[in-house]
Amino acid sequence: MIKKSLFIFLVIFTSYAIFVSIYSDNFTNISAHHWQENVNKAESFIYDENSVYSNIILGSSLSNRLIIDSLPNCFNLSFGGQSIFEGLAILTRIDNLPKSVFIEMNIVLKEENEDFIESLFSILYYPKKYLKVLRGKFQPITNFGDIVNTRITKFILPKIIVLNVNNSKSNPNLFEKLLEIQVDRYNKIPKEKKMEQNFNRLQTYVSSLEKKGVKIVFFEMPINYKLNNLPRAQIVRNAFFDKFPSNKYNFISIPSNENYITSDGLHLKPDEALKYTLFFKNQMDSIN
Amino acid sequence: MLFNSFVFIGFLLITFFLYYLPILKKYQVQVLISASLFFYSYQQPSLLFLLLFSALINIVFSFLVLNGQRHLMKIYATIGVIINVLILFFFKYTSLVAKLFFAENDSIGSFFLNIPLPIGISFYTFQGISLMIDVFRNGNFNNIRNNSSSFIDYGKHVLLFKSFFPQLIAGPIVKAHDFIPQIKSKSFDGINWEFVFRCLITGYFLKMVVADNLKDFTYWISFPFFQGYSSLTLLTMLFGYSCQIFADFAGYSLIAIGLANLFGYHFFNNFDFPYFSRSFKEFWRRWHISLSSFLKEYLYIPLGGNRLGNLRTNLNLLLVMIIGGFWHGADWSYAIWGLFHGLALVVEKLIMDNVKIKGNKVISIFKILLTFCLVTFAWILFKLPNFAHVIEFFKCLYNNFGQTPNYQLITYTLIYSFPVFLYHLYHYLKLKKYLTDNYDFILFGIMLFLIITNSGSTGSFIYFQF
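1. Side note on the overall build of chain B
A tally of helices and strands in chain B yields 20 helices and 0 strands. What you see for chain B is a C-alpha radius of gyration of 23 Å, in line with the 23 Å of a compact globule of 466 residues. Its C-alpha atoms put chain B at 70 × 55 × 55 Å along the principal axes. Residue burial in chain B is summarised as follows: out of 466 residues, 57% are buried. Taking all contacts inside chain B whose residues are at least 6 apart in sequence as the whole, residues at least 24 apart take part in 78%. Put simply, chain B shows about 20500 Å² of open surface, and 68% of that area lies on carbon and sulfur atoms.

Laid out in structure tokens, this is it:
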């Protein structure tokens, strides 16, 4: 029974591996959830040795909203649900470094997700390099789910939307509730020890990249204007200016004449993301 | 150390090699103990002291029960049980009690509220209690008396029982009278490879493909995110969570059973297709069997079980289920979860005693669906330990009907939940002889393929927190 099972496994695995290697270009970067999106993004960056990017953006889900199509020769290595440290950890492990690295300032107090980095550079690093079938992008169930989902979206969803168009309602208080949670959070002063630990870690990463000739630029993603000047935002901002003096490092600050609302207090709405991306592009061009 | 990590695979191979090395055959128990202590201390070495302290207490008091003066046996056993309960109480429930009496900023309150919860403490403490009661009852322990007459030998056996790595951090809860008699020299030829293969492949599939993927969808049940989803999406996610918790824990148990068998030890099944239960009573005969049988054997029956009339039986049921709920965590929501199950058992018993329902297939299917739905709704107390959030969740479930469902979330949740239903259905069809084992190898080949190509992100097992 064991031998037969292993034989079946080998047949399926080999067939799928061949299929993937032939049709790999037809697979899009499908992700069923944000963790998978992170893994796919990181893997496509790590294993894509042909592309060399001049600029790399490192950040959290906040920077993930930047519209990368509007930023030429740029790779957005921002990860939803994570911090800047995962992107920095990846950059210290690869050879093809960019000319400039843009580091988000907002989510610096979150711990580095070591499991994530370990999963990318584990014992499977080399098998994944040569066997595409092992990469997240080619997961069979995820791709099957996408086909099912596309059919639902294409055929069923429009009918349901037509049926619901007059009845559809959203939770009007949700935004206020989410913003309230963020106001509470931003009113709290971050723990000094954690600040020190994370900024020390950041300084280590930054100096390691600088030694390799990479230019470092810090930028702050816009959040809801009510949060901008609350204690947490100010303390973190000042700590950046303190640890990384503005005469030595470039900073892209939030455009002063704009009041961003966001969808939940932190993440830009699509129209706001487009507006900020254009601002960011101008800043990026002037720095480079 | 997680069962689904590469470090663990390395650890397992080395331990397995040393265990069956002919030159070390005399030291098999020592090899397993050393490996288990290394396994436990891998991430937090300091926790090892607590495990060793707990083991020492159990060794000393159970040895005294076995070899001390007869009239003191009961006292030693009682002290042993009390110390086990106190250790569990201190590390697991002090914070809950402290919340009632101290402010968070208070230095004493802060000390009590920040007592760390050592991983696996609920499991190995219950095993300690089992040891005390079993040696006191002195039923199945002939081989302890005969083979471990010296304190050192006896201590080795108890330490292995308490620390054996496959069941150390998330069960199944192994009872002393089941495990200790199995401690003897094991041979490589005694391994049932097919059984091990079936357990490990099914276990890893349930954990890595089903539970680890589902967790990234059911994550959105957390507060405050659930407030933004439609009723249909919330309902699907809740049923997905029900499948996730089953796949996670049943998967872990199967891996533990398979690993134990690699070293010549037999554990009983911890799950017997619980989502095909037609009643809560049946559910508790099929779900986390090692916990329910522990509570029945060491709590429900000693309390009088069903021998003292209806009222007392019902009270016993409620008490046992509330304690069972609390065993899962130091939060009132777990007690409410236990109370819910206890009440369900009592109401069900009342109905069964007073209403005669003729059984047929339609009624059976209705009962299965009803039990599954009720059990699933109760799992929300596990996902949202804050009871106010639970109420908010049900409000959203009721109010968010008009919102457009998130079809991507629904599709993937259903796809990843499907294997859990298939697993149950496959078992049912085999039970009814519609299917045989002849073509199982195809399923196992597919499961292995999906483990390699479609595993989710590595996540801790849900039951680690208990």
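Now, onward.
2. Quick word on the confidence of the model for chain A
Looking at chain A, pLDDT values average 86 and 93% of them are 70 or higher. Confidence, read as mean pLDDT per element, is least for helix α6 (residues 140–164) of chain A in chain A (73) and greatest for strand β3 (residues 100–104) of chain A (94).

3. Quick word on the pairing of strand β4 (residues 215–219) of chain A
All names here are of chain A. Within β4, 4 of the 5 residues are buried, which leaves it mostly tucked inside the rest of the structure. Across 5 bridges, β3 lies against β4 in parallel orientation. Bridging across to β4, glutamate 104 finds its partner in phenylalanine 219. Pairing geometry for β4 and strand β5 (residues 250–252), over 3 bridges, is parallel. Bridge pairing links phenylalanine 218 to phenylalanine 251 in β5. You can see the chain leave β4, run along helix α9 (residues 231–243) and come back into β5, and the turn it takes is right-handed.

4. Here we look at the interface of chain B and chain A
Counting residues at the interface gives 39 residues for chain B, matched by 42 residues for chain A. Contact between chain B and chain A buries roughly 3700 Å² in total, counting both sides, with carbon and sulfur atoms accounting for 71%. Looking at the side of chain B facing chain A, the largest losses of area belong to Tyr407(B), Phe441(B) and Phe449(B), adding up to 17% of the total buried there. Connecting chain B to chain A are 1 salt bridge. The shortest N-O distance in the salt bridge between Lys177(A) and Glu392(B) comes to 3.3 Å. Joining chain B to chain A, the criterion identifies 9 residue pairs in polar contact (both at pLDDT 80 or more). Secondary-structure elements contributing two or more residues to the side of chain B that touches chain A are α11 (193–218), α18 (387–399), α19 (407–431) and α20 (440–453) of chain B. With 11 residues, α20(B) is the single largest residue contributor to the side of chain B that touches chain A. For the side of chain B that touches chain A, the residue count by class is 20 nonpolar, 14 polar and 5 charged.

5. Remarks on empty space enclosed by the protein
Residues and elements named next belong to chain A. Taken as a whole and judged by the stated rule, the model has 1 cavity of 30 Å³ or more. As a volume, the largest cavity reaches approximately 100 Å³. Around the largest cavity, the lining residues are Met105, Asn106, Tyr186, Glu220, Ile223, Arg232, Ala233, Val236 and Arg237. By residue number, the principal contributor to the lining of the largest cavity is α9, which donates 4 residues. A breakdown of the residues in the lining of the largest cavity according to their chemical character gives 5 nonpolar, 1 polar and 3 charged.

Criteria and thresholds
- Residues numbered from 1 in each chain as written.
- Chains lettered and ligands numbered in written order.
- Predicted model: local features only at pLDDT ≥ 70, side-chain atom pairs only at ≥ 80, totals over all residues.
- Heavy atoms only, no water.
- Helix = DSSP H or I, 4+ residues; strand = E, 2+ residues; numbered from the N terminus.
- Rg over C-alpha atoms; globule rule 2.2 N^0.38 Å.
- Buried < 20%, exposed > 50% of the residue type's maximum accessible area, 1.4 Å probe, protein only.
- Contact = heavy atoms within 4.5 Å.
- Areas by Shrake-Rupley, 256 points an atom, 1.4 Å probe, with all protein chains shown as cover.
- pLDDT = per-residue confidence, 0-100.
- Pairing = 2+ DSSP bridges.
- Right-handed = clockwise from strand over helix to strand, strands pointing away.
- Buried area = accessible area lost by both parts, 1.4 Å probe.
- Salt bridge = Lys/Arg side-chain N within 4 Å of Asp/Glu carboxyl O.
- Polar contact = N/O pair within 3.5 Å; in protein donor to acceptor, adjacent residues only side chain to side chain.
- Nonpolar A, V, L, I, M, F, W, Y, C, P; charged D, E, K, R; others polar.
- 1 Å grid on protein atoms, 1.4 Å probe; cavity = no way out; pocket = protein on both sides within 12 Å on 5 of 7 lines; lining within 4 Å.
- Points joined across faces, edges and corners; volume = space filled by probe spheres on them.

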